[in-house]
Structure formats: C-alpha cells, structure tokens
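Report on the structure
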Amino acid sequence: MVSSPSDAEVIGRSLDQPEAFGLIYDRHAATVLRFLGRRVGAEVAEGLIGELFRIAFERRKTFDTSRVSALPWLYGIGSNLLLKHRRGEARRLRANARMAATDEAADRRASAGALDARLLFPRVADAIEALPDGEREALLLFAWEDLSYQSVAETLELPIGTVRSRLNRARTQLRELLEPGGEKRKRSR
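All of these numbers come straight from a predicted model, not from anything done at the bench. (Residues numbered from 1 in each chain as written. Predicted model: local features only at pLDDT ≥ 70, side-chain atom pairs only at ≥ 80, totals over all residues. Heavy atoms only, no water.)

**Quick word on the side chain of Ser79**
Worth spelling out the cut-off: Working definition: helices are DSSP H or I runs of at least four residues, strands are E runs of at least two. Numbering for both runs from the N terminus. We call a residue buried when its accessible area falls under 20% of the maximum for its residue type, exposed when it is over 50%, and partly exposed in between, using a 1.4 Å probe and counting protein chains only. A contact between two residues is defined here by any heavy atoms of the two lying within 4.5 Å.
Here Ser79 is to be found in helix α4 (residues 71-84). Its relative accessible area of 2% is what places Ser79 among the buried residues. Other than its neighbours up to four places away in sequence, Ser79 contacts Phe35, Glu137, Leu141, Thr155 and Leu156.

This is the structure:
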C-alpha cells in the first residue's frame with residue numbers, strides 16, 4: 001500500500017513542479033472555506049478562498065517543512081485576510097443579533113433554553129466584537145474551528161503560552177461582559 005505524501009512533501013515538490021500545489025488545495029480548500037464562511041459569510045468566503053491559495057502558492061517557499069500539515073499555515077493566512085474584513089464581520093454579527101431579537105415572537109413555542117440562548121446572542125456577538133483582535137482570533141479559531149491550543153499557536157505563529165493567555169483573557173472578558181450589568185462595564189472601558 002502506497003501512503004500519500006504529507007503536505008510538507010507536496011509543498012516541497014511544488015517548488016519544482018508548481019502544479020503539485022493543487023493537491024494542497026484539494027486537501028484543504030473545503031475546510032478553510034468553512035472557516036472563512038463562518039466569519040464573513042459564504043459569498044465573501046468564496047472570494048477570499050482564491051486569494052488565500054494565491055498567497056499560499058506565492059509563499060510556499062517559506063512553508064516550514066517540519067510541519068506535516070499545511071492546515072495551520074493556511075488558517076494563519078486566512079486569519080490575516082479576515083483581519084482586513086473586520087468591519088464586515090462586525091456588521092454581520094450585529095445583523096445576526098438583530099435577526100435573533102426579531103425572531104423572538106416566532107419562537108414562543110421553542111423551549112425556554114433555546115429562547116434564552118436566542119435572546120443572549122446579541123450580547124454574545126457584542127462581547128466577541130469587543131475583544132481585542134488577538135484574543136478574538138484565538139477564541140474563534142479555538143471555538144469555531146475546534147483547533148487545539150497547539151494548532152492555534154501554529155496558525156497565529158505564537159508560542160502556545162501566549163495562546164493560552166489570550167484564550168483565558170477572552171473567556172474572562174466574555175464572562176464579565178455577559179453577566180448582569182456587563183453592558184455598562186463594556187461602555188465604560
């Protein structure tokens with residue numbers, strides 16, 4: 001049985017055979033597209049995915065071949081692209097919060113827990129938006145993409161201790177912002 005080459009081997013081969021890089025796209029495009037789509041919506045994500053792989057292709061010489069998987073590297077490129085779209089992300093979170101609030105009447109039949117979650121979503125969206133960029137990126141990679149601390153560290157090119165600190169600060173700040181009276185604290189900061 002022939003094992004398939006690692007991402008590092010494929011990227012190394014693509015330096016002499018550029019078409020080989022297509023395998024990296026084939027392996028990871030759907031995963032990275034979902035990551036982008038959760039953050040900026042499907043339409044923008046579809047535009048960004050091409051840009052992400054163009055950048056990755058151009059930077060393939062800088063890929064750390066000691067890493068077996070290219071996915072954390074691709075998440076890092078994607079995170080940098082997403083930072084450019086931060087304003088759009090904030091608008092999308094606010095729109096989702098408004099939709100959740102207006103759907104309250106339609107959900108009277110829903111369980112109390114689901115209704116509470118829907119009513120809490122606008123505050124959660126605002127709290128996430130209020131986080132500093134570095135903490136928000138670490139939190140969303142960890143929570144939405146289900147990456148390990150190590151993978152988040154590789155994605156953001158940070159020491160794992162920094163990732164742990166950012167996630168801890170993000171959790172603490174979210175707790176503070178979401179407890180009763182948290183809105184007042186947020187505005188006074």
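Having seen the structure, we can now continue with the description.
**As for the nonpolar core**
This is how the line gets drawn: Throughout this description, the term nonpolar core refers to a set of buried Ala, Val, Leu, Ile, Met, Phe, Trp, Tyr and Cys residues connected via side-chain atoms within 4.5 Å.
Ile24, Leu36, Leu52, Phe53, Trp73 and Leu74 are the most contacted members of the largest nonpolar core, which has 45 residues in total. With near-sequence residues (within four places) excluded, Phe53 lies in contact with Phe21, Ile24, Tyr25, His28, Ala29 and Leu74.

**Thoughts on the packing of aromatic side chains**
The test is simple: Stacked, tilted and edge-to-face are the three classes assigned to paired rings of Phe, Tyr and Trp, where Trp is represented by its six-membered ring and a pair needs centres within 6.5 Å; plane angles under 30 degrees give stacked, over 60 edge-to-face, the rest tilted. Comment: the charge-over-ring label is applied if NZ (Lys) or CZ (Arg) is within 6 Å of the ring centre and within 35 degrees of the ring normal.
Tallying each qualifying case throughout the model produces 5 aromatic pairs. Seen in terms of ring centroids, Tyr25 and Phe53 are 4.9 Å apart; in terms of plane orientation they differ by 70°. Their pairing is edge-to-face. With a gap of 28 residues between them, Tyr25 in helix α2 (residues 22-40) and Phe53 in helix α3 (residues 42-58) connect regions that are remote in the sequence. Look at Tyr25 and you get partly exposed, because its relative accessible area is 39%. Between the aromatic rings of Phe63 and Trp73, the centroid separation amounts to 5.0 Å while the plane-to-plane angle is 65°, which identifies the pairing as edge-to-face. One end of the pair, Phe63, is in the loop between α3 and α4; the other, Trp73, is in helix α4, with 10 residues separating them in the sequence. The burial state of Phe63 is the same as that of Trp73; both residues are buried. Here the guanidinium or amino end of Arg60 rests over the ring plane of Phe57, the centre of that ring lying 3.9 Å away.

**As for unusual backbone geometry**
You will see that Asp146, though not glycine, has its phi angle at about 55°, which is positive. Among the structural elements, Asp146 can be located in the loop between α7 (133-143) and α8 (149-156). Exposure remark for Asp146: the relative accessible area of 67% places this residue in the exposed category. Here Glu157, not a glycine, exhibits a phi torsion of approximately 55°, which is positive. Mapped onto the elements, Glu157 comes out in the loop between α8 and α9 (160-178).

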